[in-house]
Amino acid sequence: MDEMLTDSSYLILLALLEPQHGYAIMKQVNELTEGKVTIGPASMYTILKKLQKSGWITLEENAERKKIYLISEQGLKILEKDINRRKLLYQVGESLLTEKRSRKNDH
């Protein structure tokens, strides 16, 4: 697994499945996580620059001169890989925890 996304990068890429500007991204991350994750402007714009430099998102200006971020094809592939990685981690954790609990109940 060559490229692992941080939780913040992962959430920003999820938010960018629909093209949007910075404030909307922050708002959506907050909504996606039911208020449990908040990404401040400084962190978010730093992450957006890194994602752009990696080629995982692109930037366009719309008619109102707002910067609109879009996930690229490469970004979609990275996101899919990371979702699969996170699924695996979840399944392993759930399986081991279930096993531990059932052993504990046997004693």
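Everything below is about the structure printed above this text.
The numbering scheme is per chain: residues are counted from 1 as the chain's sequence reads. In view of the model being predicted, local features appear only for residues whose pLDDT reaches at least 70, and side-chain atom pairs are presented and counted only at 80 or more, with totals across whole chains, interfaces and linings using the full set of residues. Note that water and hydrogens are dropped before the side-chain values are worked out from all heavy atoms of the structure.

A. Molecular detail of the side chain of Asp82. Where helices and strands are cited, they refer to DSSP runs of H or I of at least four residues and of E of at least two residues respectively, numbered from the N terminus. With respect to the helices and strands, the residue Asp82 is situated in helix α4 (residues 73–106). Under the rule applied, a polar contact is a pair of N or O atoms within 3.5 Å (in protein, one hydrogen donor and one hydrogen acceptor; residues adjacent in sequence only if both atoms are side-chain atoms). Side-chain polar atoms of Asp82 contact the side chain of Arg85, separated by 3.0 Å. Contacts are assigned to residue pairs with any non-hydrogen atoms lying within 4.5 Å of each other. Sequence-distant contacts of Asp82, that is, excluding residues within four places in its chain, are made with Glu3, Met4, Leu5 and Tyr10.

B. Spotlight on the packing of helix α1 (residues 7–15) against α4. Axis lines are fitted through C-alpha atoms, for helices just across the contact stretch, and the angle between N-to-C directions can take any value from 0 to 180 degrees. The geometry of α1 relative to α4 is characterised by a closest axis approach of 10 Å and an angle of 125 degrees between their N-to-C directions. Accordingly, the angle class assigned to the pair α1 and α4 is oblique. For α1 against α4, the interelement crossing comes out left-handed. Touching Asp7, Tyr10, Leu13 and Leu14 of α1 are Gly75, Leu79, Asp82, Ile83 and Arg86, all from α4. Classifying every residue of the contact of α1 with α4 by side-chain character gives 5 nonpolar, 1 polar and 3 charged. Orientation is classified from the angle alone, with under 35 degrees giving roughly parallel, over 145 giving roughly antiparallel, 65 to 115 giving roughly perpendicular, and any other angle giving oblique. Should the near helix be turned counterclockwise from the far one by less than a right angle, the crossing is left-handed, whereas a clockwise turn marks it as right-handed. All amino acids are sorted into three groups, where Ala, Val, Leu, Ile, Met, Phe, Trp, Tyr, Cys and Pro are nonpolar, Asp, Glu, Lys and Arg are charged, and the leftover types, Gly among them, are polar.

C. Highlighting the nonpolar core. Definition used in this section: a nonpolar core is a set of buried Ala, Val, Leu, Ile, Met, Phe, Trp, Tyr and Cys residues joined via side-chain atoms within 4.5 Å. Partly exposed describes any residue whose relative accessible area lies between the buried limit of under 20% and the exposed limit of over 50%, with all areas from a 1.4 Å probe on protein chains only and scaled to the type maximum. With 21 residues, the main nonpolar core has Ile12, Leu16, Ile25 and Leu48 as its most contacted residues. Sorting the residues of this core by element identifies α1, α2 (22–32), α3 (41–53), β2 (67–71) and α4 as the ones contributing at least two each. Of the residues forming this core, the biggest block, 5 residues, is contributed by α1.

D. Main features of the environment of Arg86. Within the secondary structure, Arg86 sits in helix α4. Put simply, Arg86 and Met4 are 82 residues apart on the chain and 9.7 Å apart in space, counted from C-alpha to C-alpha. Setting aside its immediate chain neighbours within four residues, Arg86 contacts Leu5, Thr6, Asp7 and Tyr10. Only 2.9 Å separates the side chain of Arg86 from the side chain of Asp7, close enough to count as a polar contact.

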